[in-house]
Amino acid sequence: METFDYLIVGGGIFGCYAATWLAEQGARILLIEKENDLFLKASTVNQARIHSGYHYPRSIATARLSEEYKARFIKDHRSFINDSFQHFYAIDKFGSMTDAAQFERFCKHLEVPCRAIEVPRYMKKERIERLYETQEFSFDPIRIGGFYKRKLEELPNVTVLTNCQPKQAFRESGNFIVELEIAEKQHFTKIKSANVINATYSATNGILDLFAFRQIELTHEIAEMTFVKSPKKQLPALTVMDGSFCSLMPYGLSEFYSLSSVAYTPHEVSKTNQPKFNCQQINTKCRPEAPSDCNQCAARPMTNFSKMEKQIRRYLDESVELEYAHSKFTIKSKLKSSHIDDSRPTEVLQLSKNPSFYCIFAGKINSIYHIEQILSPKSIMI
Ligand SMILES: Cc1cc2nc3c(=O)[nH]c(=O)nc-3n(C[C@H](O)[C@H](O)[C@H](O)COP(=O)(O)OP(=O)(O)OC[C@H]3O[C@@H](n4cnc5c(N)ncnc54)[C@H](O)[C@@H]3O)c2cc1C
């Protein structure tokens, strides 16, 4: 039976960052990923926004958390950051949960740049209470995925197994003994590890169940990011606040913009701790305890692009051309408590010692560094 210092379950950005950080300190790591590649889910299918806090006028804690790690995230991923576009935040005249005066006070309190400007001619003045020029960048999820994959390959003390998931786990003299199923080779193997990290995001509770820990209170939704191009001119980013609104953001350094909407990005919501959706009756391989990749699934929903386009057209006139390119789907998961203030904290919990079990539930991508506070060098038992 092979022995590792850490078994990390989940090959999104949080699992990959934890693997590289721990391996650089000498730990022997096994990183397992259920799908046939790393970075196929939330870490790639997202708005690619490096949050600077603007988005969370109702949760100062989330706004501050974004700001806390932003500079380091940008420094560590410099070549994958797009900082050369104008970014506008607009307050809708109707139905916004935060008005212009509140937004200005909030930005001042947070000390983030926010300058009220004239609404340009290609935007619809009648819908916008006030428009702000802000400073918020976009990261390139595809290039960042490539960066972590290369980094992991170069680290001799990291083994990565794709098409692999844990099937059984028990404790024995300060270790977890974990049975792994490797789908590709259709075989099972057992490994031993003194530490396990659960970094599976939408499958968090499936893994907690398997290791006999209490589930955390989550909700889930099937989320669609639509991607558009604008053939003639470079678009600014536009985020309309605050509540059930929409956003147009450059997708990193690519030619695409993501178009998303609080109303139409979610297709189906699951209020159970594990993601349970109607489409799982068609695709029975996708189970609540181990959901599959929606992009490889024939039962995924039809696009909501036309509804999202109609919504953004309340603010942008027809001179701004938007050409639909494609959509990507994934499961978005949130803490049930986020419902009240729209917060997105990143939780890193140590649930047992000797053997140690850690659970990461990710809020924002630039909070990958949060694990370092819990897995301090003292707790890294190598
Ligand atoms: C639609 C959407 C928009 C978002 N926009 C932004 C944004 O603009 N900015 C921002 O900072 N954040 C954003 N987020 C949040 C951010 O994307 C997530 O917090 C982050 O990507 C989570 O990373 P992760 O590594 O925990 O999860 P994931 O990237 O989902 O990785 C988890 C991995 O675990 C694997 N896994 C699951 N079950 C098992 C198993 N049983 N065995 C082995 N492996 C398993 C999965 O296949 C997956 O690869 C957005 C999220 C969504 C969904």
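Residues numbered from 1 in each chain as written. Predicted model: local features only at pLDDT ≥ 70, side-chain atom pairs only at ≥ 80, totals over all residues. Heavy atoms only, no water.

*Asks:* Even after reading the chapter, I still don't get unusual backbone geometry, so can you show me in this structure?
*Replies:* Keep in mind that most residues, glycine aside, have a negative phi and that most peptide bonds are trans. Cis geometry is adopted by the peptide bond preceding Asp 242, which originates at Met 241 and carries an omega value of 0°. In this structure, Asp 242 sits in the loop between strand S14 (237-241) and strand S15 (246-250). The step from Asn 354 to Pro 355 runs through a cis peptide bond, and the omega angle for that step is 5°. You can see Pro 355 is positioned in the loop between strand S19 (347-352) and strand S20 (356-361). The backbone of Ala 48 sits at a positive phi, close to 60°, despite the residue not being glycine. With respect to the helices and strands, the residue Ala 48 is situated in the loop between strand S2 (29-32) and strand S3 (49-50). Judged by its relative accessible area of 1%, Ala 48 falls in the buried class. If you trace the backbone, Asn 354 turns up in the loop between S19 and S20. (Helix = DSSP H or I, 4+ residues; strand = E, 2+ residues; numbered from the N terminus. Buried < 20%, exposed > 50% of the residue type's maximum accessible area, 1.4 Å probe, protein only.)

*Asks:* I'm lost on the side chain of Ser 356 in this one. Help?
*Replies:* Positionally, Ser 356 belongs in strand S20. Side-chain polar atoms of Ser 356 contact the side chain of Gln 350, separated by 3.4 Å. (Polar contact = N/O pair within 3.5 Å; in protein donor to acceptor, adjacent residues only side chain to side chain.)

*Asks:* Sorry if this is basic, but what is going on with the site of the ligand here?
*Replies:* Surrounding the ligand, one finds 35 residues, the nearest of these being Glu 33, Lys 41, Ser 43, Gly 363 and Ile 365. Between the ligand and Ser 43 there is a distance of 2.5 Å, counted from an oxygen atom to a side-chain nitrogen or oxygen. Within the contact set of the ligand, an oxygen atom lies 2.8 Å away from a backbone nitrogen or oxygen of Gly 363. Coverage of the ligand by the protein amounts to 98% of the 1,000 Å² it exposes when considered alone. Of all the elements, strand S10 (residues 164-172) adds the most residues to the shell around the ligand, at three residues. Along the lines of polarity and charge, the residues of the shell around the ligand split into 17 nonpolar, eleven polar and seven charged. (Near = heavy atom within 4 Å. Areas by Shrake-Rupley, 256 points an atom, 1.4 Å probe, with all protein chains shown as cover. Nonpolar A, V, L, I, M, F, W, Y, C, P; charged D, E, K, R; others polar.)

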